[in-house]
Amino acid sequence: MMSKGRIFSGMRPTGRLHIGHLSVLENWVLLQKDYDCVYGIVDWHALTTAYENPEEIRYNTREMLLDWLSAGLDPEKSIIMVQSHVKQHAELHLLLSMMTPLSWLERVPTYKDQIQQLGKEGKDLSTYGFLGYPLLMTADILVYKADTVPVGEDQLPHLELSREIARRFNYMYKKEIFPEPQAKLSKIPLLPGVDKRKMSKSYNNDIPIASNKEEIEAKVRMMVTDPGRVKKDDPGNPEVCVVYTYHKIYNPSEVEEIGQSCRQGTIGCVACKKNLSRILIKNLEPIWEKREYYAQRPQLLEEILATGNKKASQLAEKTMEEVREVLGV
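These remarks concern the structure in this document. (Residues numbered from 1 in each chain as written. Predicted model: local features only at pLDDT ≥ 70, side-chain atom pairs only at ≥ 80, totals over all residues. Heavy atoms only, no water.)

**Notes on the side chain of Thr100**
Then step 1. Structurally, Thr100 can be placed in the loop between helix H4 (88–97) and helix H5 (102–106).
Then step 2. Given a relative accessible area of 11%, Thr100 falls into the buried group.
Then step 3. Within the local environment of Thr100, its side chain forms a polar contact with the backbone oxygen of Leu96, the two atoms lying 2.7 Å apart.
Then step 4. Once you skip the residues sitting within four places of it in the chain, Thr100 turns out to touch Leu105, Leu135 and Ile165. (Helix = DSSP H or I, 4+ residues; strand = E, 2+ residues; numbered from the N terminus. Buried < 20%, exposed > 50% of the residue type's maximum accessible area, 1.4 Å probe, protein only. Polar contact = N/O pair within 3.5 Å; in protein donor to acceptor, adjacent residues only side chain to side chain. Contact = heavy atoms within 4.5 Å.)

**Topic: the packing of aromatic side chains**
Then step 1. Applying the stated rule across the entire model yields 7 aromatic pairs.
Then step 2. Look at Trp28 and Tyr39: their rings are 4.4 Å apart centre to centre, the planes differ by 5 degrees, and that puts the pair in the stacked class. With a gap of 11 residues between them, Trp28 in helix H1 (residues 22–31) and Tyr39 in strand E2 (residues 35–41) connect regions that are remote in the sequence.
Then step 3. With relative accessibility at 2%, the residue Trp28 sits in the buried group. (Phe/Tyr/Trp six-rings, centres within 6.5 Å; stacked < 30°, edge-to-face > 60°.)

**Description of the pattern of salt bridges**
Then step 1. Enumeration according to the criterion identifies 16 salt bridges in this entry.
Then step 2. Among the salt bridges present, the one from Lys213 reaches Glu285, with a minimum N-O distance of 3.5 Å. Here Glu285 lies in helix H13 (residues 269–295) and Lys213 lies in helix H10 (residues 213–221), a separation of 72 residues in the sequence.
Then step 3. One salt-bridge network, in which partners are shared between bridges, spans Arg62, Glu63, Asp67 and Arg291. (Salt bridge = Lys/Arg side-chain N within 4 Å of Asp/Glu carboxyl O.)

**Some words on the nonpolar core**
Then step 1. With 51 residues, the main nonpolar core has Ile19, Trp68, Met223 and Tyr246 as its most contacted residues.
Then step 2. Among the elements that make up this core, the one with the highest residue count is H13 (9 residues).
Then step 3. In this structure Met223 touches Val194, Ile207, Val242, Val243, Tyr246, Lys273 and Leu276, once residues within four positions along its chain are discounted.
Then step 4. Listed in part, the 39 residues of the second largest apolar core include Leu105, Leu131, Ile177 and Val323. (Core = buried A, V, L, I, M, F, W, Y, C linked by side-chain atoms within 4.5 Å.)

**Re unusual backbone geometry**
Then step 1. Although it is not a glycine, Lys174 sits at a positive phi angle of roughly 50 degrees.
Then step 2. On the secondary structure map, Lys174 appears in the loop between helix H9 (156–172) and strand E5 (182–185).
Then step 3. Even without being glycine, Lys196 reaches a positive phi, approximately 85 degrees.
Then step 4. For Lys196, the location among the structural elements is in the loop between E5 and H10.

Worth remembering: the numbers are spatial, not functional.
If you want it as structure tokens, here you go:
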């Protein structure tokens, strides 16, 4: 019997998760069947951009765990851990930094882009922690000898760096310790925010996973529709409408009919939004119920993380024993 491949993936606890994250989590749930999965709440990564205001990281860690469990991640099938509780991540990051050329980190495309983007918001990111973000990400993956990493296309340069570092380490110390992790790309539908921009808490255009009926209805009412449509019986263009984008993803059985009715002017935007609210609530209610179940059991949450952190530490320690041996430390 062939052994399963191993997956590592993580999320930064920088704020509430929104429904745009659900498709990522649903993919993680499916991967549990075919892989040994380690899923990390990567709180050290959160500090790379939130080092001045870390107050919410612990709260966000708990909220993220609730969202993960409510979306179907199973602590019996996967290791669910918090990065800062598995110190081997930091140790491997430090040791890899000794042999990683500075130029490799500086050429990562997102490095200069984010410095420019977040610099406009008054954030000083001229720190080693931010420059070393992809190296810490590499340590997160390699410390578990993960051979597969589910990523979006924007993360491919980071993963290529991880492969280069694994290759360099194995060659330099003449021992095949690390596999070269491969990307597992999945088509994750991109949900826009209610104002058509990228969905983000900072824009207040997101729909949180941990919302409720009233919040869903309020957010859907705010959604941008066809600006050329003045009266409800005017013919509309559904392709420029955020509501229609959501119907495509959450209401595929009716989307063709909705598009046709919009073009003919036989359905108004208010009715179309009410229909979407109903569909979203129906999809989210099972998640809300599961989330409430776990929210009422704080001791269980602590046990899940304690168990996950212990399993992750044991797995990571096996790798570090090999690494220390070849480095003579």
